[in-house]
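Listed below, chain by chain, are the residues.
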Amino acid sequence: MQLRYSFRLYPSAGQRTALARAFGCARVVYNDALRARETARSQGLLFPKVGELSKRLITGAKSTPERAWLGEVSAVVLQQSLRDLDTAYRNFFDSLKGKRPKMGAPRYKSRKDTRQAVRFTANARWSITPGRKLRLPKIGDLKVKWSRTLPSTPSTVTVIKDAAGRYFASFVVATDASEVLPERAPEVGVDLGLGHFAVLSDGTKIDSPRFLRRAEKRLKKAQRALSRKEKGSSNRDKARVRVARAHARVADARRDFHHQLSTKLIRENQAVAVEDLAVKGLARTRLAKSVHDAGWSAFVSMLEYKAARYGRTFVKIGRFEPTSQVCSQCGVQDGPKPLHVRVWTCRACGAALDRDVNAAVNVAKAAGLAVSARGAQVRPGFVPAQRSEAGTHPTPQPSTAR
């Protein structure tokens, strides 16, 4: 399995200029190649291959006065830009054939894009110096904030500049079977929701941190300040960065929460089952903001790849399973219930059931896991907010459970 490890970079002023030059050259080559292929398509010709585009748009272009500055950056960066375009076309054609979800055709990149990236492969001869700095060709030695150790030698590194003006180095590393965890007896079903982010089949309820809702006041203030700035001015650009940083803090806190919770579930359970939610459909309802704030898809993706990495079993059941309508004790389907009904009594066996815990047990049973609802509390208790456990605040935060 190949994984990505991302670390924060702190380039100097000169290195930021060199990175901006690399971003710009990669973007120009990408747009030139896209233009060449679109011209060939309009003329009814075959698409030029990557090798032909490389000779014409990189090797040949460097000898012309208009593109001589392409020689100021590593040639590997430019070659990878062509491969990115080739991958974009291949994905687009696969989507037309139904081999992958529908997606649009490749589009031109703008110099005003808030996210920029360049990739260095082993051919670029990049390295990590004895002083733990990242050495990149024609850029220099960049200071890296190493938060963990890489499990193996990385094959490629991608330097990314995000909308908030932060720089990151993303390493691609390969993992082996040595990371498989010892087998555990517990198996758990997970019911994802908005009132509680996750409810487990053993009765555990994990409160939703609502990172976006908590930061709304600060985000609104930053957005209002941005709207008052004159377009094209330096002050507007500074205000835009402040808005982007505010959103980045929310996204980082949510991602950290997802990582900690998914790792905990994978380490403590041999098998994990979740329901395949229609996130895109829910995002078109009045609950759209809360749905996006929860980030269910990202969390489920983390569970899936971590289960594969650590030798656990991950099961995703169909979205049309009536998990909230079936009694987990006797298996009788009691019919749909309004969302305000959180506790109900089965008319067949008389069991008092918590709606969310009952759904989590049914998720596990539908996945073929051996779980029991015994010991699950019917009425929810107060659960501390997960944000403090994730370490995003230096001081404990009050509970947000309701």
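Use the structure listed above.
Worth saying up front: this structure is predicted, and the values here are computed from it rather than measured.

Asks: Can you walk me through the overall build of the protein in this structure?
Replies: Broken down by element type, the protein carries 11 helices and 14 strands. Going through the 402 residues of the protein one by one, you find that 44% of them count as buried. If the 76 positive side-chain charges of the protein are averaged to one point and the 33 negative ones to another, these points end up 7 Å apart.

Asks: I would appreciate a short explanation of the sheet that holds strand β7 (residues 167-174) in the present structure.
Replies: What links the strands of a sheet is backbone hydrogen bonding, and the strands pair in either a parallel or an antiparallel sense. What the seven strands build is an open sheet, ordered β2-β6-β7-β1-β5-β4-β3; its pairing is antiparallel. On the outer flanks of this sheet lie β2 (116-120) and β3 (127-128), each paired with one strand and no other. Here two bridges tie β3 to strand β4 (residues 133-136), and the two strands are oriented antiparallel to one another. If you follow I128 over to β4, its bridge partner there is L134. Along the sheet face, helix α1 (residues 13-42) touches β2, β5 (140-145), β6 (156-161) and β7 and points at about 90 degrees away from the line of β2.

Asks: Please explain the environment of P209 as it appears in this structure.
Replies: Considering the arrangement of structural elements, one finds P209 in the loop between β10 (205-207) and α4 (211-214). Between the alpha carbons of P209 and D293 there is a distance of 9.1 Å; along the sequence they are 84 residues apart. Leaving out residues up to four positions away in the same chain, P209 has contacts with R214 and F257.

Asks: Would you mind showing me how to read the packing of helix α6 (residues 234-268) against helix α9 (residues 296-310) here?
Replies: Helix-helix packing: each pair is described by the crossing angle between the helix axes and the interaxial distance. The geometry of α6 relative to α9 is characterised by a closest axis approach of 9 Å and an angle of 40 degrees between their N-to-C directions. Viewed along their axes, α6 and α9 adopt a mutual orientation that is oblique. Along this stretch, α6 crosses α9, giving a crossing that reads as right-handed. Residue-level inspection shows R255, H258, H259, L261, S262, T263, L265, I266 and R267 of α6 in contact with α9, the latter providing A298, F299, M302, L303, Y305, K306, A307 and Y310. Residue classes in the contact of α6 with α9 are distributed as 10 nonpolar, four polar and three charged.

Asks: I keep staring at a positive patch on the surface and nothing clicks. Help me out?
Replies: A cluster of like positive charges, contributed by K217, K220, K221, R224 and R228, occupies part of the molecular surface. Here K220 lies in helix α5 (residues 216-227).

Asks: Quick question: what am I supposed to make of the sheet that holds β10 here?
Replies: Spatial strand order, β10-β9-β8-β11-β12: five strands in an open sheet with mixed pairing. Strands at the two margins of the open sheet, each flanked by one partner only, are β10 and β12 (313-317). Between one strand and the next, the sheet's axes are offset by a mean angle of 20 degrees, whatever the strand orientation. Where strand β9 (residues 196-200) lies against β10, three bridges are found, and the strand directions are antiparallel. Residue pairing in the sheet places A198 in a bridge with I206 of β10. Across the sheet, helix α10 (residues 355-366) lies against β8 (187-192), β9, β10, β11 (271-275) and β12, angled at about 125 degrees from β8, the strand it touches most.

Definitions and limits used
- Residues numbered from 1 in each chain as written.
- Predicted model: local features only at pLDDT ≥ 70, side-chain atom pairs only at ≥ 80, totals over all residues.
- Heavy atoms only, no water.
- Helix = DSSP H or I, 4+ residues; strand = E, 2+ residues; numbered from the N terminus.
- Buried < 20%, exposed > 50% of the residue type's maximum accessible area, 1.4 Å probe, protein only.
- Lys, Arg positive; Asp, Glu negative; His and termini not counted.
- Charge placed at Lys NZ, Arg CZ, Asp CG, Glu CD.
- Pairing = 2+ DSSP bridges.
- Contact = heavy atoms within 4.5 Å.
- Axes fitted to C-alpha atoms, helices over the stretch in contact; angles between N-to-C directions.
- Parallel < 35°, antiparallel > 145°, perpendicular 65-115°, else oblique.
- Left-handed = near helix turned anticlockwise from the far one by under 90°.
- Nonpolar A, V, L, I, M, F, W, Y, C, P; charged D, E, K, R; others polar.
- Patch = residues over 30% accessible without salt bridge, like charges linked within 9 Å, V, L, I, M, F, W, Y side chains within 5 Å.
- Areas by Shrake-Rupley, 256 points an atom, 1.4 Å probe, with all protein chains shown as cover.
- Salt bridge = Lys/Arg side-chain N within 4 Å of Asp/Glu carboxyl O.

It is worth stressing that arrangement in space is one thing and function is another; only the former is reported here.
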